[in-house]
Each structure stands twice: as structure tokens, then as C-alpha cells.
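Geometric and topological summary
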Amino acid sequence: MTLAHSTAGPAHRRRRGAARQSRAGTAFVAGYVLLLIAFGILPTGYAVYFAFTEAGGRFTGFSNFVTTAHDFRFLDAVNHVAVYLIFWLASLVVFVVGLALLLHRLSSGTVSKALRFLFYIPGALAGAASVLVWLFVLDPTVSPVSSLLSMLGFHTFGEVIAPGNLPLLFTIIAFWTGAGGWIVVMYGALNNIPKDVMEAARIDGAGAWQTAWHVQIPMLRKWIVYMMILAFAGGAQLFVEPQLLSLASVGVAGRDYSLNQLTYDFAFQMNNINGAAAVSVELLVVSASAAAVFVARSGFFDAD
């Protein structure tokens with residue numbers, strides 16, 4: 001009897017511990033699922049309903065999509081967002097990964113810690129606040145880098161925000177605001193690469209470039225794909241930067257530069273909620289399709 005009690009006790013405690021962990025996990029997941037339903041699934045379903053109906057609630061098929069696609073501003077907005085996404089995604093892949101690798105090389109010193117902190121600071125600013133900061137920086141009359149702007153041939157605010165410069169300007173603003181957090185994430189991922197792998201590369205005679213290209217970057221592949229998925233979804237919803245720039249420039253930048261601005265105009269200027277919902281659903285489909293391509297081509301969920 002004593003032996004039975006002694007063996008049953010630890011087993012019972014293990015079962016109780018497992019049950020507590022299961023309840024804690026269920027509680028965390030339940031909270032996420034509730035928020036997902038409230039702020040993700042229900043609004044999406046609401047938008048889909050409006051996209052396929054008219055103001056009176058009658059089903060209209062794809063007529064809202066056709067109407068918005070024939071708007072004279074639609075193709076220009078698509079082109080603007082596409083060019084911006086090319087600049088934005090390329091800058092993230094090249095500079096975020098490159099800066100993370102450089103930080104990892106400096107990981108033993110205080111310089112790396114200071115740089116990680118400096119990279120992360122801009123992300124503490126809200127998107128609108130970041131744009132306001134850059135409106136000040138880009139105005140040659142008050143900018144702290146006015147001499148640099150003059151060297152580049154820009155002497156007025158209108159010259160700086162010329163339509164041809166906007167994709168690059170929006171990329172700079174977005175990178176300044178959001179890249180720091182991704183640099184820190186990539187730096188953490190680099191720290192998770194097994195030390196014996198790095199040591200083996202060093203013993204094989206690989207230099208810094210060979211180690212980065214053949215060892216570190218391939219092992220960062222899934223993190224890079226994850227960054228690309230979220231950056232694509234966020235970039236496709238470009239709104240704050242062109243909207244504030246349009247207000248500051250009295251319409252020079254255009255209030256319908258991006259697709260999200262166009263949805264805003266449909267909804268609140270033209271009172272066409274159904275058309276706005278149709279464009280929103282199109283953005284959702286494009287972002288989800290791009291994510292599916294990234295995941296499928298990269299083997300994102302494959303076991304290492």
C-alpha cells in the first residue's frame with residue numbers, strides 16, 4: 001500500500017500540473033480567438049457583405065468591384081501602391097538583414113546595445129507623428145538637413161514632394177518608423193543560430209561574408225518571409241503618409257494617391273460604402289494571396 005501511494009503521488013501531481021498548463025493555454029488561446037472574432041472575422045464578414053450588395057441590401061454580384069475598377073483614379077492608385085511596395089520590401093530585405101548582421105558582429109560590445117536601442121526608438125512614434133516629423137525634415141526652409149536637400153537640388157517643399165519622389169519618400173518614412181523593430185527581431189533570430197554551426201563555418205575557413213551568405217541568411221529564411229508577409233499587408237494599406245502629406249501640401253500629393261485613400265474617398269466623400277468595401281476586399285484578397293505565395297515558395301511551415 002505504501003509503495004502504491006508513493007508511485008501514485010508523483011503521477012497525480014504530474015497530471016494536475018499538465019491540467020493547469022492546459023487550462024492556462026486554453027485561456028490564452030480563448031482570449032486571442034475572441035479578439036480575432038471581434039476585430040478580425042466579424043469586420044471582414046461585414047465588409048464582404050457590403051462589397052456584394054447595394055445600399056438597400058440587395059445582392060449585386062461583382063458590380064461594386066466593376067464600378068470601382070472603372071473609376072479614373074483606381075489604376076493610378078494601384079500603380080502607386082505597387083511601386084511603393086517594391087521599394088518598401090526591397091529596402092527591408094536588404095537593409096534590415098544587413099544591419100542585423102552587422103549588429104550581430106558587434107554583439108559583444110556596448111555599441112550593439114546602443115544601436116539596437118536607437119533603431120527601436122522611432123517605432124515608439126505613431127505613424128501620424130512620424131509623418132509630421134518628416135514633414136519638418138523635408139521642408140528645406142526649416143529642415144535640419146536643408147544643406148543636403150540643397151545639394152540634391154531641392155529648394156522648396158513642393159520640389160521635394162513632387163509626385164515622382166513620393167514612393168521613395170514614403171519608403172524612407174516607413175523604414176525609419178518600422179524597420180528598427182524588425183532589425184531587433186532579426187538580431188534575436190541570429191542569436192538562436194547554434195554556436196556549433198557558426199564554429200564549424202569558422203573552422204572551414206568561411207569569412208564574414210561567406211558565413212552570412214551561406215549560413216546565417218539561409219537560417220533566417222523563415223523570419224525574412226514572416227517579415228515580408230506582414231510588410232506587404234501593411235504596405236498595401238498605405239494611408240497615413242499620403243493623407244497627411246496631401247493635407248500639408250494643399251493637395252499636391254493627392255488625396256487619392258493610394259487605394260486606402262480611395263476607399264476613404266468612396267466612403268466619406270462620395271457616400272459609396274459598398275464601393276469602399278469592394279476595394280477593401282480586393283486589398284484583403286491580394287494580401288492573402290501574396291502571403292500564400294510567400295508561404296508556399298519558402299516552405300514556411302516545413303519542419304527544419
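Keep in mind that what you see is a predicted model, and the values were worked out from it rather than measured.

Here we come to the overall build of the protein chain. Counting secondary structure elements, the protein chain contains 14 helices and zero strands. Starting at the N terminus and walking to the C terminus, you meet the elements of the protein chain as α-α-α-α-α-α-α-α-α-α-α-α-α-α. A total of about 18000 Å² of accessible surface is found on the protein chain, and carbon and sulfur atoms cover 69% of it.

Turning to the layout of surface pockets, a few remarks are in order. The volume enclosed by the largest pocket comes to roughly 610 Å³. P43, T44, A47, Q237 and S280 are the residues nearest the centre of the largest pocket, which is lined by 23 residues in total. When contributions to the lining of the largest pocket are tallied by element, the ones reaching two or more residues are α1 (2–51), α13 (259–268) and α14 (273–298).

Evaluated as defined, the whole model comprises 13 aromatic pairs. For the pair F52 and F65, a centre-to-centre distance of 5.1 Å together with 50° between the ring planes defines the contact as tilted. Here the residue F52 occupies a position in the loop between α1 and α2 (63–69), and F65 occupies one in helix α2, the gap between them amounting to 13 residues. On the basis of relative accessibility, which here comes to 10%, the residue F65 falls in the buried class. Each ring, one from F62 and one from F65, has its centre 5.7 Å from the other, and the planes form 50°; the classification is tilted. One aromatic cluster is present, built from ring pairs that chain together F52, F59, F62 and F65.

Moving on, we come to the confidence of the model for the protein chain. Residue-level pLDDT values for the protein chain average 85, and 89% of them are 70 or greater. Here helix α4 (residues 110–120) stands out as the element of the protein chain with the lowest mean pLDDT, 73, in contrast to α2, whose mean of 94 is the highest.

Looking at the secondary structure, you find S298 in helix α14. Within the local environment of S298, its side chain forms a polar contact with the backbone oxygen of F294, the two atoms lying 2.6 Å apart. For S298, the side chain forms a polar contact with the main-chain oxygen of V295, separated by 3.4 Å.

One pass over the full model with this rule turns up six salt bridges. E199 is the partner of R202 in a salt bridge, and the nearest nitrogen-oxygen pair spans 2.4 Å. With R202 and E199 both in helix α9 (residues 195–203), this residue pair falls three residues apart, about one helical turn. Judged by relative accessible area, which is 53%, R202 ranks as exposed. Judged by its relative accessible area of 34%, E199 falls in the partly exposed class.

Thresholds applied
- Residues numbered from 1 in each chain as written.
- Predicted model: local features only at pLDDT ≥ 70, side-chain atom pairs only at ≥ 80, totals over all residues.
- Heavy atoms only, no water.
- Helix = DSSP H or I, 4+ residues; strand = E, 2+ residues; numbered from the N terminus.
- Areas by Shrake-Rupley, 256 points an atom, 1.4 Å probe, with all protein chains shown as cover.
- 1 Å grid on protein atoms, 1.4 Å probe; cavity = no way out; pocket = protein on both sides within 12 Å on 5 of 7 lines; lining within 4 Å.
- Points joined across faces, edges and corners; volume = space filled by probe spheres on them.
- Phe/Tyr/Trp six-rings, centres within 6.5 Å; stacked < 30°, edge-to-face > 60°.
- Buried < 20%, exposed > 50% of the residue type's maximum accessible area, 1.4 Å probe, protein only.
- pLDDT = per-residue confidence, 0-100.
- Polar contact = N/O pair within 3.5 Å; in protein donor to acceptor, adjacent residues only side chain to side chain.
- Salt bridge = Lys/Arg side-chain N within 4 Å of Asp/Glu carboxyl O.

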